[in-house]
Amino acid sequence: MSSQDIPEENLPAEQDAHGAVSVADDKDPFADPGLPPHEHRVQDIDERAARRSERTVAMLFTLSMLATIGFIAAYVGVPHDKAIYVFPIGHINALNFSLGLTLGVALFAIGAGAVHWARTLMSDVEMVDERHPIEASPEVREKVFDDWKQGAKESALGRRKLIRNTMLGALTLVPLAGVVLLRDLGPLPGTKLRHTMWRKGLQLVNMNTNEPLRPEDVAVGSLTFAKPEGLEEHDEEFQTEIAKAALMIVRIQPDNIKDKRELEWSHDGIVAYSKICTHVGCPISLYEQQTHHVLCPCHQSTFDLSDGARVIFGPAGHALPQLRIGVNEEGYLEALGDFEEPVGPAFWERG
Ligand code: FES
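Residues numbered from 1 in each chain as written. Predicted model: local features only at pLDDT ≥ 70, side-chain atom pairs only at ≥ 80, totals over all residues.

**With respect to the overall build of the protein**
Logical step 1: Tallying secondary structure elements over the protein gives seven helices and 13 strands in all.
Logical step 2: The C-alpha atoms of the protein give a radius of gyration of 37 Å, which is well past the 20 Å a tight globule of 351 residues would have.
Logical step 3: In terms of overall dimensions, the protein has C-alpha extents of about 95 × 80 × 70 Å along its principal axes.
Logical step 4: Relative to its 351 residues, the protein shows a buried fraction of 18%.
Logical step 5: Counted over contacts in the protein with a minimum sequence separation of 6, partners at least 24 positions apart contribute 53%. (Helix = DSSP H or I, 4+ residues; strand = E, 2+ residues; numbered from the N terminus. Rg over C-alpha atoms; globule rule 2.2 N^0.38 Å. Buried ≥ 20, exposed ≤ 12 C-beta atoms within 10 Å, placed from the backbone. Contact = placed C-beta atoms within 7 Å.)

**With respect to the UniProt feature "transmembrane region" (unreviewed entry) in the protein**
Logical step 1: In this structure's numbering, the residues bearing the UniProt feature "transmembrane region" (unreviewed entry) are residues 57-77, 97-118 and 162-182.
Logical step 2: In residues 97-118, the share of helix is 100% and the share of strand is 0%. The end C-alpha atoms are 31 Å apart.
Logical step 3: What you have in residues 162-182 is 95% helix and 0% strand, and the ends, taken at the C-alpha atoms, are 32 Å apart. (UniProt positions renumbered as here; feature names shortened; annotations may be inferred.)

**Things to note about the nonpolar core**
Logical step 1: Residues Leu204, Leu247, Ile249, Ala272, Tyr273, Leu305 and Ile325 are the most contacted members of the largest nonpolar core, which totals 38 residues.
Logical step 2: Elements represented by at least two residues in this core include exactly strand S3 (204-206), helix H6 (238-245), strand S5 (247-251), strand S6 (270-274) and strand S13 (333-335).
Logical step 3: Not counting the four nearest positions on each side in its chain, Leu204 is found in contact with Pro212, Leu213, Ala226, Leu247, Ile249, Ala272, Ile325, Leu333, Glu334 and Ala335. (Core = buried A, V, L, I, M, F, W, Y, C linked by C-beta atoms within 7 Å.)

**A few points about the UniProt feature "domain: Rieske" (unreviewed entry) in the protein**
Logical step 1: UniProt annotation of "domain: Rieske" (unreviewed entry) refers to residues 265-334 when read in the numbering used here.
Logical step 2: Helix makes up 0% of residues 265-334 and strand 36%. Its end C-alpha atoms lie 12 Å apart.

**Concerning the domain arrangement of the protein**
Logical step 1: As far as domains go, the protein holds domain 1 (42-120), domain 2 (139-185) and domain 3 (195-350).
Logical step 2: Once you take the C-alpha centre of each, domain 1 and domain 3 turn out to be 62 Å apart. (Domains from an automatic or database assignment.)

**Some details on the sheet that holds S6**
Logical step 1: Across the sheet, which stays open at both edges, the five strands sit in the order S3-S4-S5-S6-S11 with antiparallel pairing between neighbours. Each edge of the open sheet is held by one strand with a lone partner, namely S3 and strand S11 (322-323).
Logical step 2: Sheet topology places S6 next to S11; two bridges connect them, and they run antiparallel. Note on S11: the bridge partner recorded for Tyr273 is Gln322. (Pairing = 2+ DSSP bridges.)

**Here's the deal with the pairing of strand S10 (residues 310-313)**
Logical step 1: The pairing of strand S9 (residues 302-304) with S10 spans three bridges and is antiparallel. By the bridge assignment for S10, Thr302 is matched with Phe313.
Logical step 2: Counting the residues that bridge the hairpin from S9 to S10 gives five residues, and of these Gly308 lies at a positive phi of roughly 70°.

**Describing H6**
What sets the pattern is the α-helix's 3.6 residues per turn: residues three or four places apart point alike.
Logical step 1: Listed in full, the buried residues belonging to H6 are Ile242, Lys244 and Ala245. End-on, the buried residues of H6 take up no more than an arc of 165°, which puts them together on one face. Residues of H6 that are exposed and angled more than 90 degrees away from the buried face: Gln239 and Thr240.
Logical step 2: If you follow the buried residues of H6, they end up packed against strand S4 (223-228). (Arc of directions from axis to C-beta.)

**Structural notes on the sheet that holds S10**
Logical step 1: Sheet architecture is open: four strands sit in the order S7-S8-S9-S10, paired in antiparallel fashion. Every other strand in the sheet has two partners, leaving strand S7 (286-288) and S10 as the edge strands with one partner each. Between one strand and the next, the sheet's axes are offset by a mean angle of 30°, whatever the strand orientation. (Axes fitted to C-alpha atoms, helices over the stretch in contact; angles between N-to-C directions.)

**Description of the pairing of S6**
Logical step 1: Judged by how many residues are buried, S6 sits mostly within the fold: five of five residues are covered.
Logical step 2: Every second residue of S6 is oriented toward a common face, with Ile270, Ala272 and Ser274 on one face and Val271 and Tyr273 on the other, all of them buried.
Logical step 3: Relative to S6, S5 runs antiparallel, the two sharing five bridges. Pairing of Leu247 across the sheet is with Ser274, part of S6.

**Describing the packing of helix H2 (residues 47-77) against helix H3 (residues 94-120)**
Logical step 1: Between H2 and H3, the shortest axis-to-axis distance is 8 Å and the interhelical angle comes to 160°. Here H2 lies roughly antiparallel to H3, going by the angle between them. Considering only the axes of H2 and H3, their crossing is left-handed.
Logical step 2: Split into classes, the residues belonging to the contact of H2 with H3 amount to 17 nonpolar, ten polar and no charged. (Parallel < 35°, antiparallel > 145°, perpendicular 65-115°, else oblique. Left-handed = near helix turned anticlockwise from the far one by under 90°. Nonpolar A, V, L, I, M, F, W, Y, C, P; charged D, E, K, R; others polar.)

**Quick notes on the environment of Ala319**
Logical step 1: Turning to its location among the elements, Ala319 is positioned in the loop between S10 and S11.
Logical step 2: Judged by the 20 C-beta atoms lying within 10 Å of it, Ala319 falls in the buried class.
Logical step 3: Sequence-wise, Ala319 and Asp307 are twelve residues apart; in three dimensions their C-alpha atoms are separated by 9.6 Å.

Next comes the structure, spelled out in structure tokens:
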């Protein structure tokens, strides 16, 4: 449908001598602006330019034909084991190279010819196609209903109750096959999501050196990452466990710890917090020792480690969970239990 065929009510109110549209008037500032004025291409008004475009398109299609012939010739004539040097790739198989090159040129030339043809010679008049109602007409609906009744009658489902009942039984049971396959999704998570590996007596191990941590290893102002004793990188479950159990250890002057529970759960100013951001679970890694703020690099959530790791900036909705720690008889830092809150994001909202 051309612009001339647009229903009258859809046409813009006014057009100037060039077809330009007056966008809106005072009464209706949101009036449909209609189609912009049509601009002629050079090929529309200059026959010589149109012929040039025609020759270009023909040349591209001819190039495609030649490349296809070249492809067949290469397939037949180029030895399988011949190598050639092609800059900058180096030495490659001559047959693969010639097949790829000729087929590539053949396809590209067809595409380029078609695009050039469409852009320069085919009609470029703007088209408007009105939406049609999706709903079927009453006659069509009635016909479908009649056909359905006719089909039911011909199949004799009403009369042949044995077939009907066994068919219903079969259709009811078939989905059970899918339900059984759900077993392949693995065991139910149980309480796994509520707990991490941490438990009373597990030593805190430095993630970089793989050595158990002593209080004297943690200097004021430093940030140390720790994992539970016994969790090794080659373990099958390493990624699953470390994603929940990774810790940040920092040492703060006890006088500077504002939160009472944090102080009770620390050891001589050493505090252990989950490294997993409570926004969407990125590992937190940036520590500002003057302010005791840690920053999540993903969306800049900032937590104050001197004040119960509460959120002071950013999208995270919850403080970082703290792990209660102490020192064992050998003088190493150890956990005094699991986290009391779930680590990471999302789980909070599950209740
Ligand atoms: S994951 Fe940490 S701020 Fe988004």
